[in-house]
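Each chain, written out:
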Amino acid sequence: MTRMTRFKNFLHTAFSPPYLLYTSTGVSAVIELIGDYLEQKVEGVSPYDTGRGIRMTTTAIVAGPPYYFWYRMLDRRFPGRTGKIIFKKVLLDQTVLSPIMIVAFYVGMCRMEGKNHEQSMRELKDKFWFTYKLDCMIWPLAQWFNFYFLPPSLRVIYTETINVGHSMFFSRFKHIDQKEREAKERALLEEAARTQQMVATSQPVDLHPPHPDTRPSLVHTEVPHKDALQPSDPPPSHLDRKGQNQS
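Procedures and definitions
Residues numbered from 1 in each chain as written. Predicted model: local features only at pLDDT ≥ 70, side-chain atom pairs only at ≥ 80, totals over all residues. Heavy atoms only, no water. Axes fitted to C-alpha atoms, helices over the stretch in contact; angles between N-to-C directions. Helix = DSSP H or I, 4+ residues; strand = E, 2+ residues; numbered from the N terminus. Parallel < 35°, antiparallel > 145°, perpendicular 65-115°, else oblique. Left-handed = near helix turned anticlockwise from the far one by under 90°. Contact = heavy atoms within 4.5 Å. Salt bridge = Lys/Arg side-chain N within 4 Å of Asp/Glu carboxyl O. Buried < 20%, exposed > 50% of the residue type's maximum accessible area, 1.4 Å probe, protein only. Core = buried A, V, L, I, M, F, W, Y, C linked by side-chain atoms within 4.5 Å.

Focus: the packing of helix α3 (residues 50-77) against helix α4 (residues 83-112)
For step 1, the next point in the chain: As a packed pair, α3 and α4 sit with axes 11 Å apart at the nearest point and diverge in direction by 160 degrees. On the basis of their axis angle, the class for α3 and α4 is roughly antiparallel. α3 and α4 meet at a crossing whose hand is right-handed. Contact residues: R55, M56, T58, T59, A63, Y67, W70, Y71, L74 and D75 in α3; K89, L92, D93, V96, L97, M101, F105, M109 and M112 in α4.

Right, dumping it as structure tokens:
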């Protein structure tokens, strides 16, 4: 048996009904990891943020089974490839599954980052509508191609392949606030370092003030010249004035 034959048999087994769920989920995780890796390269993240990559991959592993069962339900509920059938599938996919998965993504990522419920809901509120509007610009046409041309066994694989670019957007848009926070933290650390350097190069401050008796006077007094202390014609003393009176 040649390598090509073994590879074909492997693909046939992997995409057979008993293993299709596991195959779709595994491929989704790999594609999500690739998308996040590429996005970190584009952003210039160095070194690679392993925790971020693991969180993004975890969302794909969790989302794989819902996608699989959702597409299987649509294909059973709406068999065929007519325009009306595909329109119903795309409409349901965009109005039912898409909002649910966006909510699950942001809330799940926030919880994995250690944020509480209030912080997770605030981030979801800030980012949901923009993400959903972009989602509506990309997926209807992509899903029309999916439902019209591809067999059911390739639906999740195709969706996650498109998700390479979509995952790059999700990864960037999700971590915008985190990057801004890290930039602010770096700015604060640089400012603290500059302040510490200024303090280190300045004169030490005496925290013990001098005794009140030895404290210098704050009133400015002008010291007279020594010639002013020794006049050329000193005033007559008391005895001289008395002698003059007797005479």
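Here we look at unusual backbone geometry
For step 1, the next point in the chain: Along the chain, S46 connects to P47 via a cis peptide bond; the corresponding omega equals 0 degrees.
For step 2, the next point in the chain: On the secondary structure map, P47 appears in the loop between α2 (20-43) and α3.

Overview of the pattern of salt bridges
For step 1, the next point in the chain: This model, assessed by the stated rule, comprises eight salt bridges.
For step 2, the next point in the chain: R52 is paired through a salt bridge with D36; the nearest N and O atoms lie 3.1 Å apart. Taken together, the positions of R52 in helix α3 and D36 in helix α2 put the pair 16 residues apart, joining distant regions of the chain. D36 matches R52 in its accessibility class, with the two residues each being buried.
For step 3, the next point in the chain: In this structure, the salt-bridge partner of K115 is E123, at a minimum N-O distance of 2.6 Å.
For step 4, the next point in the chain: Exposure remark for E123: the relative accessible area of 4% places this residue in the buried category.
For step 5, the next point in the chain: Connected through shared salt-bridge partners, E113, K115, E123 and K127 make up one network.

Let's talk about the nonpolar core
For step 1, the next point in the chain: Counting residues in hydrophobic clusters, the biggest one holds 16 residues, and the most contacted among them are Y67, Y71, L74 and F147.
For step 2, the next point in the chain: Counting residues per element, the ones that place at least two in this core are α2, α3 and α4.
For step 3, the next point in the chain: Element by element, the count of residues in this core is highest for α3, at six residues.
For step 4, the next point in the chain: Apart from residues lying up to four places away in sequence, F147 is in contact with Y71, L74, R81, I86, K89, V90 and R155.
For step 5, the next point in the chain: Grouped together as the second largest cluster of nonpolar side chains are ten residues, I102, F105, F169 and F173 included.

Side note on the environment of I157
For step 1, the next point in the chain: If you trace the backbone, I157 turns up in helix α6 (residues 155-174).
For step 2, the next point in the chain: Here I157 falls in the buried class, since its relative accessible area comes to 14%.
For step 3, the next point in the chain: The sequence separation of I157 and G64 amounts to 93 residues, and the corresponding C-alpha distance is 9.7 Å.
For step 4, the next point in the chain: Setting aside residues up to four positions removed in sequence, I157 forms contacts with F15, T23, S24, V27 and I31.

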